[in-house]
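Remarks on the overall topology
Take a look at the letters that make up each chain.
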Amino acid sequence: MDPLIVLLFFGGAILAFAIRRYRAGRYLRMVRGPPAPSWLMGHSMLTSRQIEVGELGKEWMKEYGLVWRVKGCFSEDILEICDPKALQYIFHKSGYRFRKTAVARQVTREITGGGILFATDQDHARIRKIMNPAFTASQLRSFLPLFRGSAQKLAQKWRELLQTSPNWSQRINVSAWLARCTLDVIGEVAFDVQCGALDDALNPVMHAYKNMFADAMPFPPRATLLFRYFWKWIPMPFLKFVRYIPTKEHIRLRRTLDIINKFSKELIDEKTEAVLAGKDEKKKDIMSILVKANASEDPKSRISDEEMISQMATFLLAGHETTANSMTWMLWELARHPDHQTKLRDEVKAVRARVTERGDSDFSISDLDSMTYVQAAMKEVLRLHPIVFLLVREAGRDDVIPLGTPITTTTGEVIDEIPVPKGTNCLIPIWAYNRLPQVWGPDAEEFNPERWIAQEKLGQTYVGVTSNLMTFSAGLQACIGIIEMQAILVELIEQFEFTIPEDQPEIIRFAAGLMVPLVKNDMRAGAQMPLRVSLIQ
């Protein structure tokens, strides 16, 4: 074939694509937003180099409203959306029409494998069906003794440490201890194994996860950002091979996942053999339940061995890393607000008195449910410190996103809906939504648990699955369960007092895939939260 004809053919195809993209995006270009620093990189270098979560979004939201436009690589138009009605449409009313992007799915696959966080559409529904027996309300409540046991063990370790300290008080990096505690919890709950993290056992999982996000996720190089732009055109079965590219982030995530997968596979093989042999019938850990549920399914709808292993990696991450981070931010806020800390402690003491009076030795689920101030404080810290602070969705077809608060376009027109062409990326800054004065009131930037007691529902448009919070995403792919966090918090607040250390270290919300606490003048040390912990005598 004549090379000139081939050149003309491909040139024409590229030109047709460019014209279609330009015409389809004419409405997007009417949405106001900050000027891009570069045509090639758009805002991607700027946003990927934020030190602290919310730095840019807060400034842009103040200037442009609840929806604004930024530029990606090759000046691709991207919407950032905080409008509650728009989010309700994306996550609830449209179902799966706004799907996870190729970049989001692949990064998720490198962190947890091809499990439920990676799956979409019918695959997601199929895996969720298998998982449901492990996450019924009664099943989650049955885990409480395990949660409480690890919390009490952590408290015992701290008591031993503080009793040898002057004034029974010491500066402690609480984030490291909480990570060890939650790993022990999820080891028992998910696998029925003793990880021994609180006993200083040499644990490969603990070592693999340590500072994983801070090591791998921040500050991707220019070449990585440009390469990711083309992932949308690479079929998912082939895209999985990018994990073998020898760059810092791929190497770090690959090594971690390989360790987690090896750990999970050995346990799954043991559980499967036991189930087939009719043993472990009374086991209630998540893996045993999943293995039994999967064995009873129609072979066509079962989850594969690879998916089963990925589920275990997902449980480890969700039950260990995210819970420890949320608890870390909780103790920091209570240290900064001693009045709220006192109210929590008084409530726990009052419920403890009722428990003792009726002759029980520990809190029941009903006791935890009755602690309204504790639950309000947990919701408040999840609002102010969402561990997953940004979600990305892609329009699966041409669509129209409704707005609750109209915006002014570049032409001065006021609009209450935005037509979006298929393939449009929508960034959802959860951190910004969770601080909207329109939803949370004029003190939205402040830690104030009372807001949850004063109003059962906040705002006019209900978005998230937990009291209007977007911290757990929303809609069909939402997360469940915070019993573990409450069980740990109640134990610690009953026995210890938390204050900011004398040198008042500046804590930043580091954007590292998850929102990680770092000490500003000691960032190389990785995730840490130094607090003064005192034993209540």
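So, a few notes on the structure that sits alongside this text. Note that the structure is predicted; figures quoted are calculated from it, not measured.

On to unusual backbone geometry. Although it is not a glycine, Asn-167 sits at a positive phi angle of roughly 60 degrees. Following the sequence through the fold, Asn-167 ends up in the loop between helix H8 (144–162) and strand E4 (169–173). Of note in the backbone geometry, Phe-219 takes a positive phi value of approximately 55 degrees without being a glycine.

For helix H17 (residues 338–357), built from 20 residues, the straight-helix expectation of 28 Å at 1.5 Å per residue is met to within 8% by its first-to-last C-alpha distance of 28 Å. Among all positions in H17, only His-340, Gln-341, Leu-344, Arg-345, Glu-347, Val-348, Val-351, Arg-352 and Val-355 are buried. All buried residues of H17 fall inside an arc of 160 degrees around its axis, so they share one side. Seen from the buried face of H17, the exposed residues on the opposite side, beyond 90 degrees, are Thr-356 and Glu-357. A positive backbone phi angle near 90 degrees is found at Gly-359, which sits one or two residues after H17.

The next subject is the sheet that holds strand E12 (residues 530–535). The strands that make up a sheet pair up through hydrogen bonds in the backbone, lying either parallel or antiparallel. Overall, antiparallel pairing links the three strands, which are arranged E4-E12-E9 in an open sheet. The open sheet terminates on both sides in strands that have one partner only, identified here as E4 and strand E9 (496–499). This sheet shows a mean twist of 35 degrees between the axes of neighbouring strands, independent of strand direction. Of the pairings in the sheet, the one linking E9 to E12 comprises four bridges and is antiparallel in character. Paired with Phe-496 across the bridge in E12 is Leu-535. Of the strands in this sheet, E9 and E12 are in contact with helix H16 (residues 305–336), which crosses E9 at around 75 degrees.

Close contact between helix H5 (residues 102–112) and helix H14 (residues 248–276) brings their axes to 7 Å; oriented N to C, the two are set at 45 degrees. By the angle class used here, H5 and H14 are oblique. Across the interface between the two elements, Arg-109, Glu-110, Ile-111 and Thr-112 from H5 touch His-250, Leu-253 and Leu-257 from H14. Tallied by class, residues from the contact of H5 with H14 come to three nonpolar, two polar and two charged.

Another point: the nonpolar core. By size, the foremost hydrophobic cluster in this structure holds 111 residues, and its most contacted members are Trp-158, Leu-492 and Phe-498. Tallying contributions element by element places H16 first for this core, with 15 residues. For Phe-498, the residues in contact, after removing those within four places along its chain, are Trp-158, Leu-331, Leu-334, Ala-335, Gln-341, Leu-492, Ile-493, Leu-531, Arg-532 and Val-533. One finds Phe-98, Ile-407, Ile-418 and Cys-426 within the second-largest nonpolar core, a separate group that totals 40 residues.

The next point concerns the environment of Ala-197. Its place among the elements puts Ala-197 in the loop between helix H9 (174–191) and helix H10 (204–209). Exposure remark for Ala-197: the relative accessible area of 5% places this residue in the buried category. Here the alpha-carbon distance between Ala-197 and Arg-180, two residues 17 residues apart in the chain, equals 5.0 Å.

Cut-offs applied
Residues numbered from 1 in each chain as written. Predicted model: local features only at pLDDT ≥ 70, side-chain atom pairs only at ≥ 80, totals over all residues. Heavy atoms only, no water. Helix = DSSP H or I, 4+ residues; strand = E, 2+ residues; numbered from the N terminus. Expected span 1.5 Å × (residues − 1). Buried < 20%, exposed > 50% of the residue type's maximum accessible area, 1.4 Å probe, protein only. Arc of directions from axis to C-beta. Pairing = 2+ DSSP bridges. Axes fitted to C-alpha atoms, helices over the stretch in contact; angles between N-to-C directions. Contact = heavy atoms within 4.5 Å. Parallel < 35°, antiparallel > 145°, perpendicular 65-115°, else oblique. Nonpolar A, V, L, I, M, F, W, Y, C, P; charged D, E, K, R; others polar. Core = buried A, V, L, I, M, F, W, Y, C linked by side-chain atoms within 4.5 Å.

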